[in-house]
Amino acid sequence: MTGLAAAASSGEAVQFWILGIVAVAGALCTIMMKRAVHSALSLAGTMIVLAVFYLANGAYFLGIVQVVVYTGAIMMLFLFVVMLVGVTAADSLKETLKGQRWLAAGLGVGFGILLIAGIGNASLKEFNGLSDANAGGNVQGLAALIFTKYVFAFEITGALLISAVVGAMVLTHRERTERAKTQRERSEARIREGKQVTPLPAPGVYARHNAVDIPGLLPDGTPSELTVSPTLRERGQVRDVSGQSLAELKALEQRSEDWLGRESGRPDKKRPGPAAPKEGAQK
């Protein structure tokens, strides 16, 4: 053990102590944060640090899998589930299952005892080294361990992940307590309530503007309130260009009238007739 520690370079030691502190801090934040989203992000940071450890020790395939599968796929799935379910700090304090905290505490203590016993019984006298472990290749060595020596643990992990996915589906499912209305019933309700039955008019001024923050103009030139979103109106992001549009339209009409007046006042030019045949052409 002492020889292995002495063989490590100073850069590896600095990397281990810095990233080790970050990994432990992320793990503690995972169980101490009040919001589930913050806990998931802390766990994602811890997984990224573990991936760096794998890459530094020569387990390149395992490091890439740690980033792509666990951090990129599973943790993003956790975040999506949390955002979809909408777990808040107030909801997390409500105990829906009686005795779940005592059960979780018992499982935590049992897992701690099992972990301490496993570390205590581990043989740390001899090390095979990375060269022996990756003799046939990192992927081949990892596959040999997963599907031979640790195949039972691998299957249990797969079952746990599948259970987590099924649990997420159960949490997001909502039972319908009332009959869904048909399209005809919705249309009748809109008419009875006096809402806008026809589609709302489009925003913008025809042939001049088509932005969603510009109200459309009615035939008398006044802007229509139905052509813009109420959200934009509450934010004060609606641009009123009715006066400017009318002024531009009036100027365009004036120029058209002036051009038509000049054209009508011009004398008609005589169109050139067919050329007279030459005297020698009819011979």
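Here is a short report on the structure shown in this document. Predicted, not measured: the structure shown is a model, and the values here were computed from it. (Residues numbered from 1 in each chain as written. Predicted model: local features only at pLDDT ≥ 70, side-chain atom pairs only at ≥ 80, totals over all residues. Heavy atoms only, no water.)

### Some thoughts on the packing of aromatic side chains
This is how it is decided: Note on ring pairs: Phe, Tyr and Trp rings are taken, using the six-membered ring of Trp, and paired if centres are within 6.5 Å. Classes follow the plane angle, with under 30 degrees stacked, over 60 edge-to-face and the rest tilted. Under the scheme applied here, a residue whose accessible area is under 20% of the maximum for its type counts as buried, over 50% as exposed, and between as partly exposed, the area being computed with a 1.4 Å probe on protein chains only.
Summed over the entire model, instances satisfying the criterion amount to 3 aromatic pairs. When the ring of Phe 16 is compared with that of Trp 17, the centres are 5.5 Å apart and the planes differ by 75 degrees; the resulting orientation is edge-to-face. Owing to a relative accessible area of 46%, Phe 16 belongs among the partly exposed residues under this scheme. Since its relative accessible area comes to 58%, Trp 17 is described here as exposed. With centroids separated by 5.7 Å and ring planes inclined at 65 degrees, the aromatic side chains of Phe 147 and Phe 154 adopt a geometry described as edge-to-face. Exposure remark for Phe 147: the relative accessible area of 54% places this residue in the exposed category. What links up through ring pairs into an aromatic cluster is the set Phe 16, Trp 17 and Phe 53.

### Some thoughts on the side chain of Gln 66
Defined as follows: In DSSP terms, a helix is any run of H or I states spanning at least four residues, a strand is any run of E spanning at least two, and both are numbered starting from the N terminus. In this analysis, two residues are considered to be in contact whenever any of their non-hydrogen atoms come within 4.5 Å of each other.
Relative to the helices and strands, Gln 66 is located in helix H4 (residues 60-85). Sequence-distant contacts of Gln 66, defined by excluding residues within four places in its chain, comprise Met 47, Leu 50, Ala 51, Tyr 54 and Thr 71.

### Some thoughts on the pattern of salt bridges
The following threshold applies: Within this document, salt bridges are pairs made up of a side-chain nitrogen of Lys or Arg and a carboxyl oxygen of Asp or Glu, the two lying within 4 Å of each other.
Using the criterion set out here, one finds 3 salt bridges in the structure. When the shortest N-O distance is used, the salt bridge between Arg 179 and Glu 185 registers 3.0 Å. A relative accessible area of 59% places Arg 179 in the exposed class. Residue classification places Glu 185 among the partly exposed residues on the basis of a relative accessible area of 29%. The structure contains a network of salt bridges with shared partners spanning Arg 184, Glu 188 and Arg 192.

### Some points on the nonpolar core
When a protein is soluble and globular, its nonpolar side chains tend to lie buried together. Rules: Only buried residues count toward a nonpolar core. Its members are Ala, Val, Leu, Ile, Met, Phe, Trp, Tyr and Cys residues joined through side-chain atoms within 4.5 Å.
Within the largest apolar cluster, 5 residues are counted, these being Ala 40, Ala 44, Met 47, Met 75 and Leu 79. Elements supplying a minimum of two residues to this core: helix H3 (36-56) and H4. Ranked by residue count, the leading element in this core is H3, at 3 residues. When residues no more than four places from it in sequence are discounted, the contact partners of Leu 79 are Val 37, Ala 40 and Leu 41.

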